[in-house]
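For reference, the chains in residue letters:
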Amino acid sequence: MRLKRLFMLLSIGFIIIFLAACTSSGKENSPSTIQDKASSEKSVNFVNKENIPTMDPALATDESSFAFLRSTMGGLYRLNLDGKLVPELATDHKVSADGLTWTFKIRENAKWENGDPITANDFVYAWRRAIDPATGSEYGPYLMNNVIKNATAISNGEMSPDQLGVRAEDDFTLVVELENPTPYFENLTSFGTLFPLNQKFVEEQGNKFATSSDTLLASGPYKLTNWTSTSDSWELVKNDNYWDADTVQMDKIHFDVVKDPQTAANLYEEGSVDRVNLTSDLVDQYSGNDDFVTIPNTFVYFIKFNQKANDALANKNIRAAISRAFDKEAIVLEILNDGSIAANGLVPTGFVSMPESREDFRKVSGDLVTFDKTKAQKYWKKGLSEIGKDKVELELLADDDEATKSIVEYIANQLETNSAMRSKFINFR
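The residue count restarts for each chain, going from 1 along the sequence in the order it is written. Two thresholds apply to this predicted model, a pLDDT of at least 70 for residue-level local features and 80 or more for giving and counting side-chain atom pairs, whereas whole-chain, interface and lining totals are computed over all residues. Note: side-chain values were computed over all heavy atoms of the structure, leaving out hydrogens and water.

Asks: Just give me the short version of helix α7 (residues 261-269), but keep the residues and values in it.
Replies: What sets the pattern is the α-helix's 3.6 residues per turn: residues three or four places apart point alike. Relative accessibility thresholds used throughout: buried, under 20% of the residue-type maximum; exposed, over 50%; partly exposed, between the two (1.4 Å probe, protein chains only). Secondary structure follows DSSP: runs of H or I at least 4 residues long count as helices, runs of E at least 2 residues long count as strands, and numbering of each begins at the N terminus. Along α7, the residues that are buried comprise Ala264, Ala265 and Tyr268. Buried residues in α7, looked at end-on, bunch into an arc of 100°, giving them a common side. Immediately beyond the C-terminal end of α7, within one or two residues, lies Gly271, with a positive phi of roughly 85°. Note that the arc is computed from the directions linking the helix axis to the C-beta atoms.

Encoded structure:
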């Protein structure tokens, strides 16, 4: 259920549990040593639990799209393995004394996959495109409104995109003007929506841009090959024109869409894939395996309410009822069983510390939304009264991998049981 920017929190995936072939296991297909003896090509095989919905940075809103954008494109800055910002396509930046003007120096050795230099104008074009209402970007306005100068007016159709507070002072100098001092703006520059685009290439592709490998242009460590928007398999192939290509260790990474966790585990057992994530009963089944690995990974799953399509969801009390009507502890302990913990606030546990005390933000802030059947029913009754209805019918749209199906079916049952709402229509994509 990778649906974005929401009010009803499901679970925080705090631990990833997976099987990975490793040297100590004695397997020949170790990711650190996999090599085609005939070609000396280093490659690995992975599974992905869904197709890639889009490779257009302006339109991406889901986990898989951003993961593969991150592999094939780059921003001004990036997050390293420790979650710290480090330069990527920018070498450094300066901030004016009032905090409103940020000047980035673009790396002069950075190139697109086709050999074109990556310039400041590539960022100007991409950001203007993402804020343009005609593009239909969801995250463009979300990231830039009230942050970059004139972004809100542009996204509301009151100004033209070329009035966005971003300009190329020269080929390798990008100047950004902000509406208000925004200390976290540096972090935003690592986000996929703000990746640059080669204007000439994008305009040549027209409506076909980012719909297949042939209509993509990489700026990152890998190129996406053998992919269309409906592909069930694809490859990441090393991009030799990437500015930091010498640090890219794998020549090729192959992906197959496998939605059933047991099928993925079977493929791992037979040696067809080199790593699989585990959930539910598979965790218990493989916990004694020598290849069993756990690593921390902080993210949040949440549900997005379509307030335009359903007037009930535009009601604050209806949303408050839904957010309290299902047991998140049961989801993480019984359905996922992968180390996840219930999310009772948007900022995850172990993600950020308070600036002075250095205590965990979530611990200090406490729980915001918890399972409470009595409150859910109270809010539900009040919401129905406010919208003048005695029942509401909801449609849930989610990914069709097995773990997500189980979660959504559980939530649907909980909503009907605890708030007396109908939620029998469940669509999977």
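Asks: Got a sec to walk through the packing of aromatic side chains? Specific residues and values, please.
Replies: Only rings of Phe, Tyr and Trp enter the pairing, Trp through its six-membered ring, and a pair is recorded when the two centres are within 6.5 Å. The plane angle decides the type: under 30 degrees is stacked, over 60 is edge-to-face, the rest tilted. One pass over the structure, following the stated rule, counts 15 aromatic pairs. The interplanar angle of 50° and the centroid separation of 4.8 Å between the aromatic rings of Phe66 and Phe191 together place this pair among those described as tilted. Taken together, the residues Phe66 in helix α1 (residues 63-72) and Phe191 in the loop between α5 (185-188) and α6 (199-205) connect sequence positions 125 residues apart. Plain terms: the ring middles of Trp234 and Phe255 are 6.2 Å apart, the flat faces sit at 20° to each other, and that makes the pair stacked. Of the two residues, Trp234 is situated in strand β11 (residues 233-238) and Phe255 in strand β12 (residues 252-257); the sequence distance between them amounts to 21 residues. In terms of burial, Trp234 and Phe255 fall into one category: buried. Taken together, Tyr77, Trp102, Phe104, Phe123, Trp127 and Phe185 form an aromatic cluster joined through their ring pairs. The rule is short: NZ of Lys or CZ of Arg within 6 Å of the ring centre and within 35 degrees of the ring normal puts a charge over the ring. In this arrangement the basic side chain of Arg107 is found over the ring face of Trp243, its NZ or CZ atom lying 3.6 Å from the centre.

Asks: Explain the sheet that holds strand β8 (residues 166-170) residue by residue, including any values.
Replies: Between any two strands, at least two bridges found by DSSP are needed for them to pair. One open sheet holds the four strands; their spatial order is β6-β7-β9-β8, and the pairing between them is antiparallel. Since the sheet does not close on itself, it has two edges, and those belong to β6 (90-95) and β8, each with one partner. Direction aside, neighbouring strands of the sheet carry axes that sit 25° apart on average. Bridging between β8 and strand β9 (residues 173-177) involves four bridges; their strand directions are antiparallel. Residue Arg167 lies in a different strand from β9, and its bridge partner there is Val175. Most of the contacts of helix α2 (residues 120-131) go to β8, to which it runs at about 165°, and overall it touches β7 (101-106), β8 and β9. Angles here are taken between N-to-C directions and fall from 0 to 180 degrees, while the axes themselves are lines fitted to C-alpha atoms, restricted in helices to the stretch in contact. Residue contacts follow a heavy-atom distance rule, with two residues in contact if any of their heavy atoms lie within 4.5 Å.

Asks: I'd like a rundown of the pattern of salt bridges, residues and numbers included.
Replies: Whenever Lys or Arg places a side-chain nitrogen within 4 Å of a carboxyl oxygen from Asp or Glu, that contact is recorded as a salt bridge. By the definition in use, this model includes ten salt bridges. Taking the shortest distance from any N to any O, the salt bridge between Glu138 and Lys304 comes out at 2.0 Å. Of this pair, Glu138 sits in the loop between α2 and α3 (139-144) while Lys304 is found in the loop between β15 (300-303) and α9 (316-323), placing the two residues 166 residues apart along the sequence. Salt-bridge contacts for Glu402 lead to Lys405; the nearest nitrogen and oxygen are separated by 4.0 Å. Here the residue Glu402 and the residue Lys405 both occupy positions in helix α13 (residues 402-419), the gap between them amounting to three residues, near one helical turn. Through salt bridges that share partners, Lys149, Arg167, Glu169 and Glu177 make up one connected network.

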